[in-house]
Amino acid sequence: MRHLLIASALALSACSAPAEEPSTVAGALSVSEQSDPSGVDKDHIADVDKLPSFEPPTRARQRLNIDQLSASMERLTGGLNWMEGGDILWEELAATLGKPDFVQSTQEDLLPSQLFHKFLDDAARQVCGKLITGEVLGLAAEPHLMVHVDAQDPMGDSEAIDKNLRHLLLAFHGKRFEAGDPELVQWRWLADSVHASSTEPTEAWNAVCVALMTHPRFFSY
Amino acid sequence: MKVRLLVLVVVALACGWTTAALADLPNQDLVCSPDEPVMEDSETLRAWSLQLRGYPPTINEYDAVETGVVSSQELLQEWLSSPDFAEQSVRFHRNHFWPNITNVNLFSASFSLRREGGSFLYWRRTNATLNYRGDFVTCLDEPAEFDAYGNLIAKPQADGTDREGYVLVSPYWAPDTTIKVCGYDAQDNTHGLTGVFCGGRSANTDISCGCGPDLRYCRYGTSQLPVTRALGTDLDERVRAVMEEDEAYTELFTSQRGFVNGPLSFFLRYQTGVFAGIRFDPLSVSTDTIPEMDYTAEDTWYELSLDSAHAGILTAPAYLIRFQTDRARANRFFDSFLCQPFQAPDSGIPVGEEAIPHPDLQQRDGCKYCHALLEPAAAHWGRWAEGGAGYLDPETYPRHRDECMACATYGVNCSEDCNRFYLTKPLTAHEAEFLGELKSYVFRRADHEINVEAGPELLVSKAVGDGRLPLCVAKRTSEWLLGRSLEPREEPWLTDLATHFVASGLRFKELVHAIVTSDTYRRVR
């Protein structure tokens, strides 16, 4: 009823609005408050909020730039990065991925384009593969992916799997989930599904790793 | 199969923010709920860390805040004081200074060594080459021979040329190696027999001048790249120093601090005389103050103390070369730091009916829409040479030179200084009254003449005084951190930010702190 009243009032005032529209929100408010062109009985709307509800200003979710992406991968994997022949591919492909060189381009392109997703997918698969291999073979100084599970039997302990998932979601996405949070269900489902269809239990964590790195919560903030 | 499954799952997980579109899915319970606009503490921490340090927090940092070992505010202060924040600030300022001049050629072709056809002989193609070899050809691939007086012996060839042999030299760009350099080009004297300086362009016809000691007056291939890179890095280092020292933001535009590394030191001491289009002369820094450093010391940096004519980044060589005209220099500053782009209105600029366009752009119809403001603003760089990074000190380059007026009036040859910096060739009667004047004074109104003498620092102090600079810096910084343009309704907030920025002594860190701890920052869409 309240909404109906507001809608009616707005519709009526719009129909009878002066030809010259106010140029600002403040102007619009002052016009409606100074006069009552609608003819609506104010007593009936006195108890409703006449002010339109504005959403408070927000920050725009931003895509990680190429430097942030490269540094994030390195920090989260203990120094691994997307490499080819000794070169970091994020640096090699920086111009293609929109990093300005200030000669040919001066504005950074932070759109999550298809090209960006393609390269992020390539990077995630390569880095996660190296991460798994390093942890299974015991080459890493400390684990970064299979932190709370046994690298030799990473799908053996259900409680440890959940704990590890919570750890990874905090590290990769900055999201802290309590045990039993419904949000964990889908991640657990991913790990279990890949585990069920694979002969190699580490494949489950490889899939989780790739999914974490290609998730919007990873490449944006 | 596995891959397809993975892709499907990743897509499903990634589509958490488009729940509405997936409302009819049978597995609705597997779809992520949309994120709340207000970030959780851990998400805020991640956003801060990514923007202020360039990478995400560690698990230990998340846990330290969660368990109360440290407050998020304490962590934020620590991050703002870290070198990583200075690096992110440098990165932000690159968007405004565009400090890349690696596409600029600093060497005249006459001072560039070459090799041809797979030969290992290095030689120069200069006017002098014709004099000593008789044609633009390389030398003989045999050790050079000298007569009893130490003069090179050139042997007559069947093609009519006279060719000398090579000399082994350790070049400055790779001092641990030796290369074969044609004898005439390898001459290591600093002055020719006529007294000409071999490190200047006029030496290119003197057969007694070569590339100098260690080939210092010549370049080969990409040997100039470390120099142009260093000039860009000098600018970055000036920003970094202000951020790390937590100095007033205006120090960016007023400090007398500069940085040199090995290649830049070497270039400034020995190579500015063999310029191509871009010129560093008259040098804005005394070579006595530049430390002797090996060209190969690319990672060793030394802080220079410059004189009072310098105005921070606005007179840094990379800025002056990236924006080669005084107008371009003013335009960049107005656009980035005063938020006043010189831009025609959407409705266009009315063009008058002048029969002959006025040569003064401040008065010409149409042009004056921007140039009435741009010309006096550009005058602040009036003592910084266009098309280079030279400085015209008032003693050597007074406002008026009689010799330049005389050469312009009586037809005698004008000196290089007159041709470069003074008005000697008027194109209209309006300009004739400025004959012999320093070009930056041409059409300068009396009340704007101070701009030429006071330099960019005056422009900055005026913009701080009237509040334009703090307001614009607050706006640019907000846009960076919020990832969007500000809305008109946010003007009061912006004004508050600018006021806070000024009250803090124009400390950039305080401004950033105020923005990232605001309610607006914590709400994300």
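All of these numbers come straight from a predicted model, not from anything done at the bench.

About the cut-offs
Position numbers for residues start from 1 in each chain and track the written sequence from start to end. The order in which chains are written sets their letters, starting at A; the order in which ligands are written sets their numbers, starting at 1. The predicted nature of this model means local features are confined to residues of pLDDT at least 70 and side-chain atom pairs, given and counted, to a pLDDT of 80 or more, with totals for whole chains, interfaces and linings taken over all residues. Numbering goes from the N terminus for both helices and strands, where a helix is a DSSP run of H or I of at least four residues and a strand is a run of E of at least two. Remark: C-beta atoms are placed from the backbone, and a residue is labelled buried if 20 or more other C-beta atoms sit within 10 Å of its own, exposed if 12 or fewer do, or partly exposed between those counts. Two residues form a contact once the distance between their C-beta atoms, set from the backbone, is within 7 Å. Residues were grouped as follows: Ala, Val, Leu, Ile, Met, Phe, Trp, Tyr, Cys and Pro as nonpolar; Asp, Glu, Lys and Arg as charged; and all remaining residues, including Gly, as polar. Axes here mean lines fitted to C-alpha atoms, for a helix over just the part in contact, with angles spanning 0 to 180 degrees between N-to-C directions. Every angle not falling under 35 degrees, over 145, or within 65 to 115 is termed oblique; those three ranges are roughly parallel, roughly antiparallel and roughly perpendicular. We call a crossing left-handed when the near helix sits turned anticlockwise from the far one by less than a right angle, and right-handed when that turn is clockwise. In this usage, the nonpolar core is the set of buried Ala, Val, Leu, Ile, Met, Phe, Trp, Tyr and Cys residues whose C-beta atoms join them within 7 Å. Strand pairing requires that DSSP identify at least two bridges connecting the strands. Confidence of the prediction at every residue is given by pLDDT, a number between 0 and 100.

Asks: Quick question: what am I supposed to make of the overall build of chain A here?
Replies: Each helix and strand counted, chain A has ten helices and two strands in total. Shown N-terminal to C-terminal, the secondary structure of chain A runs as helices and strands in the order α-α-α-α-β-β-α-α-α-α-α-α. For chain A, the proportion of its 221 residues judged to be buried stands at 30%. Pairs at least 24 residues apart make up 53% of the contacts formed inside chain A by residues separated by at least 6 positions.

Asks: I keep staring at unusual backbone geometry and nothing clicks. Help me out?
Replies: Residues B:Asp281 and B:Pro282 are joined by a peptide bond in cis, for which omega reads -5°. Positionally, B:Pro282 belongs in the loop between helix H9 (262-271) and strand S9 (302-305). If you check the backbone angles, A:Phe102 has positive phi at about 65° while not being a glycine. One can find A:Phe102 in the loop between helix H5 (89-92) and helix H6 (114-136). Classification of A:Phe102 by C-beta neighbours within 10 Å gives partly exposed; the count is 18.

Asks: Is there a simple way to explain the interface of chain B and chain A in this structure?
Replies: Contacts between chain B and chain A engage 41 residues on the former and 40 residues on the latter. Per-element accounting of the side of chain B that touches chain A gives the leading share, seven residues, to helix H1 (residues 2-14) of chain B. A breakdown of the residues in the side of chain B that touches chain A according to their chemical character gives 23 nonpolar, six polar and twelve charged.

Asks: When you look at the environment of B:Ser284 in this model, what are you seeing that I'm missing?
Replies: All names here are of chain B. As for its placement among the helices and strands, Ser284 is situated in the loop between H9 and S9. With 105 residues separating them in the primary sequence, Ser284 and Ala389 have C-alpha atoms 7.5 Å apart. Leaving out residues up to four positions away in the same chain, Ser284 has contacts with Ala389, Gly390 and Tyr391.

Asks: What am I meant to see in the packing of helix H7 (residues 158-173) of chain A against helix H8 (residues 183-196) of chain A here?
Replies: Helix packing for two helices is described by the angle between their axes and how far apart those axes are. Residues and elements named next belong to chain A. Where H7 meets H8, the closest approach of the two axes is 10 Å, and the angle between their N-to-C directions is 115°. Classified by the angle their axes make, H7 and H8 are roughly perpendicular. Note that H7 runs across H8; the crossing there is right-handed. Residues Ile161, Asp162, Leu165, Arg166 and Leu169 of H7 form the contact with H8, whose participating residues are Leu184, Trp187, Arg188 and Ala191. Partitioning the contact of H7 with H8 into residue classes produces six nonpolar, no polar and three charged.

Asks: How should I be thinking about the nonpolar core in this particular structure?
Replies: Formed by 162 residues in total, the largest nonpolar core has its most connected members in A:Val208, A:Cys209, B:Cys182 and B:Tyr319. Looking at this core, the element that brings in the most residues is helix H9 (residues 202-214) of chain A, giving nine residues. Beyond its immediate sequence surroundings of up to four residues, B:Cys182 is in contact with B:Leu121, B:Tyr122, B:Trp123, B:Thr138, B:Cys139, B:Glu164 and B:Tyr166.

Asks: Which parts of the structure should I look at to understand the packing of helix H5 (residues 83-97) of chain B against helix H7 (residues 225-244) of chain B?
Replies: All names here are of chain B. At their nearest, the axes of H5 and H7 sit 9 Å apart, and the two run at 135° to each other. With respect to H7, the axis of H5 lies oblique. Crossing angle aside, the handedness with which H5 passes H7 is right-handed. Residues Pro83, Phe85, Ala86, Ser89, Val90, His93 and Phe97 of H5 pack against Leu235, Asp236, Val239, Arg240, Met243 and Glu244 of H7. In the contact of H5 with H7, the residues fall into eight nonpolar, two polar and three charged.

Asks: Whenever I open this one, the environment of B:Pro470 confuses me. Can you help?
Replies: Along the polypeptide, B:Pro470 turns up in helix H18 (residues 468-482). Counting along the chain gives eleven residues from B:Pro470 to B:Leu459, while the straight-line C-alpha distance between them is 13 Å.

Asks: Could you clarify how one ought to interpret the pairing of strand S8 (residues 257-260) of chain B in this entry?
Replies: On a regular strand, one side chain projects to one face of the sheet and the next to the other, so that they alternate. All names here are of chain B. What you see with S8 is no split at all: Arg257 and Phe259 on one side and Gly258 and Val260 on the other are buried throughout. Across four bridges, the pairing between S8 and S9 is antiparallel. Bridge pairing in S9 places Phe259 opposite Glu303.

Asks: Mind showing me how you'd approach the environment of B:Pro345 here?
Replies: Residues and elements named next belong to chain B. Take Pro345: it is sitting in the loop between helix H11 (326-337) and helix H12 (368-378). A count of 7 C-beta atoms within 10 Å places Pro345 in the exposed class. Sequence-wise, Pro345 and Tyr369 are 24 residues apart; in three dimensions their C-alpha atoms are separated by 9.5 Å.

Asks: What is the right way to look at the sheet that holds strand S5 (residues 166-169) of chain B in this model?
Replies: One key point about sheets: their strands pair by backbone hydrogen bonds, in either a parallel or an antiparallel sense. All names here are of chain B. The mixed open sheet is built from five strands, whose spatial order is S5-S6-S2-S1-S7. Each edge of the open sheet is held by one strand with a lone partner, namely S5 and strand S7 (219-220). One ladder, built from two bridges, connects strand S1 (residues 112-114) with S7; its direction is parallel. Across the sheet, the residue bridging to Leu113 is Tyr220, located in S7.

Asks: Hey, could you run me through the confidence of the model for chain A in this one?
Replies: Detailed reading of the predicted model is not advised wherever pLDDT is low. All names here are of chain A. Per-residue pLDDT for chain A has a mean of 83; in total, 76% of the residues score no lower than 70. When pLDDT is averaged over each element of chain A, helix H4 (residues 66-77) comes out on top at 98 and helix H2 (residues 25-34) at the bottom at 34. For the stretch residues 1-40, pLDDT sits under 50, and the model shows 21 contacts to residues farther than four places along the chain or on other chains.

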